[in-house]
Amino acid sequence: LEVEEVKNIFETHRSNPPCSRNQPPVAGAISWSRSLFRRIKKPIVRFQSMEEMKSEKGQNITAEYIAVAREMRDYEDKLFEEWKANVETMTSEQLQSFLFRKVAPGEDGHQVEGVIAGDGSSIPPEPRIAVNFNPGLLLTIRETKYLSQLDSRYKIPQRAQNVFLQGEQYYTYVADIKDMLELYHSALGALTATERALLVQHVEKLRGVLKPGFDTLNWN
């Protein structure tokens with residue numbers, strides 16, 4: 001009954017397993033499958049020493065247990081191999097993203113208004129700039145961390161390992177760049193129309209310093 005119940009749970013939820021909140025999808029699904037396997041392994045191992053398990057019924061139960069265990073293992077291996085096959089290409093593309101991106105008005109929660117010049121005309125607001133760090137890289141870092149802890153037979157691709165090892169560095173980069181951009185927007189947002197006109201060369205020089213973040217500097 002225990003084997004049958006676990007088999008039904010596995011078949012019902014294998015396409016969308018209930019993972020822990022902090023676990024990434026692939027490692028979370030494998031952990032869920034492992035927990036189900038442990039649930040049936042313990043009683044079956046205990047029953048193996050009983051004389052009744054040598055009967056035809058006992059042999060059938062053991063065969064069913066082995067079949068379910070094999071199906072779970074195949075499921076886990078398939079999840080890992082699919083992730084492994086895609087992570088190298090995805091990570092390579094994500095690392096080539098430039099550092100900055102322009103944000104549409106209101107997209108990041110900041111409502112930016114234009115400045116009124118002395119002649120009554122409106123000067124367009126300064127475009128918002130945001131850090132262009134792909135969330136997929138954070139997911140790769142988390143998957144690599146949890147998959148490495150799950151099983152030594154899982155060989156993590158080199159590029160994913162490199163991203164994982166630099167994880168703390170990426171977090172620091174993102175935080176520092178966010179702080180810098182906040183200062184940038186705060187400084188320009190505080191300028192009046194007259195001050196903008198007086199400091200136009202300085203503003204252009206500042207924009208020039210940021211320009212490589214849009215078309216040259218990437219996360220590699």
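Going by the structure above, here's the rest.
These numbers come from a predicted model, not from an experiment. (Residues numbered from 1 in each chain as written. Predicted model: local features only at pLDDT ≥ 70, side-chain atom pairs only at ≥ 80, totals over all residues. Heavy atoms only, no water.)

Some details on helix α1 (residues 2-13)
Along an α-helix, residues three or four positions apart point the same way, because every turn accommodates 3.6 residues. Its twelve residues place the ends of α1 17 Å apart at the C-alpha level, agreeing with the 16 Å of an ideal helix rising 1.5 Å per residue. Along α1, the residues that are buried comprise Val3, Val6 and Phe10. An end-on view of α1 places all buried positions within 70 degrees of arc, on one side of the element. Here the buried face of α1 lies against α2 (25-47) and α3 (56-95). (Helix = DSSP H or I, 4+ residues; strand = E, 2+ residues; numbered from the N terminus. Expected span 1.5 Å × (residues − 1). Buried < 20%, exposed > 50% of the residue type's maximum accessible area, 1.4 Å probe, protein only. Arc of directions from axis to C-beta. Contact = heavy atoms within 4.5 Å.)

Remarks on the nonpolar core
One recurring pattern in soluble globular proteins is that nonpolar side chains are buried together. Membership of the largest hydrophobic core comes to 24 residues, with the highest contact counts inside it found for Ile30, Phe80, Trp83 and Leu147. Elements that contribute at least two residues to this core include exactly α1, α2, α3 and α4 (135-150). Discounting residues that sit within four places of it in the chain, Trp83 has contacts with Val26, Glu143, Thr144, Leu147, Ile156, Pro157 and Ala160. Counting residues in hydrophobic clusters, the runner-up holds 19 residues, among them Val163, Val174, Leu191 and Trp219. (Core = buried A, V, L, I, M, F, W, Y, C linked by side-chain atoms within 4.5 Å.)

A word on the pattern of salt bridges
All chains considered together, the criterion is met by ten salt bridges. Between Arg39 and Glu2 there is a salt bridge, with its nearest N and O atoms 2.9 Å apart. Of this pair, Arg39 sits in helix α2 while Glu2 sits in helix α1, and the two are 37 residues apart along the sequence. Put simply, Glu76 and Arg34 hold a salt bridge, and the shortest N to O gap is 2.8 Å. On the criterion of sequence distance, the pair formed by Glu76 in helix α3 and Arg34 in helix α2 is long-range, its members being 42 residues apart. According to the relative accessible area criterion, Glu76 is buried, its value standing at 4%. Put simply, Glu2, Glu5 and Arg39 are held in one network by salt bridges that share partners. (Salt bridge = Lys/Arg side-chain N within 4 Å of Asp/Glu carboxyl O.)

Let's talk about the pairing of strand β4 (residues 128-131)
Because side chains alternate across β4, one face comprises the buried residues Arg128 and Ala130, and the other comprises Ile129 and Val131, equally buried. Taken together, the four bridges between strand β1 (residues 100-103) and β4 define a ladder with antiparallel strand orientation. Bridged to Lys102 within β4 is Ile129. (Pairing = 2+ DSSP bridges.)

Thoughts on the packing of aromatic side chains
If you walk through the whole model with that rule in mind, you get ten aromatic pairs. Ring centres of Phe80 and Tyr154 lie 4.4 Å apart, and the angle between their planes is 20 degrees; this geometry places the pair in the stacked category. In this pair, Phe80 is assigned in helix α3 and Tyr154 in the loop between α4 and α5 (158-165), connecting sequence segments 74 residues apart. Between the aromatic rings of Phe100 and Phe214, the centroid separation amounts to 5.6 Å while the plane-to-plane angle is 65 degrees, which identifies the pairing as edge-to-face. Of this pair, Phe100 sits in strand β1 while Phe214 sits in helix α9 (residues 212-215), and the two are 114 residues apart along the sequence. Judged by relative accessible area, Phe214 falls into the partly exposed class, the value being 26%. Three or more aromatic residues joined by ring pairs form one cluster here, namely Phe10, Trp32 and Tyr75. Here Lys102 stacks its cationic end above the ring of Phe214, 5.9 Å away from the centre of that ring. (Phe/Tyr/Trp six-rings, centres within 6.5 Å; stacked < 30°, edge-to-face > 60°. Lys NZ or Arg CZ within 6 Å of the ring centre and 35° of its normal.)

Here's the deal with the layout of surface pockets
One number sums up the size of the largest pocket: a volume of about 260 Å³. Around the largest pocket sit 13 residues that line it, and Leu1, Glu2, Val3, Ile44 and Ile61 are the ones nearest its centre. Elements with a contribution of two residues or more to the lining of the largest pocket: α1, α2 and α3. Here the lining of the largest pocket takes four residues from α2, the largest share from any one element. Taken together, the residues of the lining of the largest pocket sort by class into nine nonpolar, no polar and four charged. (1 Å grid on protein atoms, 1.4 Å probe; cavity = no way out; pocket = protein on both sides within 12 Å on 5 of 7 lines; lining within 4 Å. Points joined across faces, edges and corners; volume = space filled by probe spheres on them. Nonpolar A, V, L, I, M, F, W, Y, C, P; charged D, E, K, R; others polar.)

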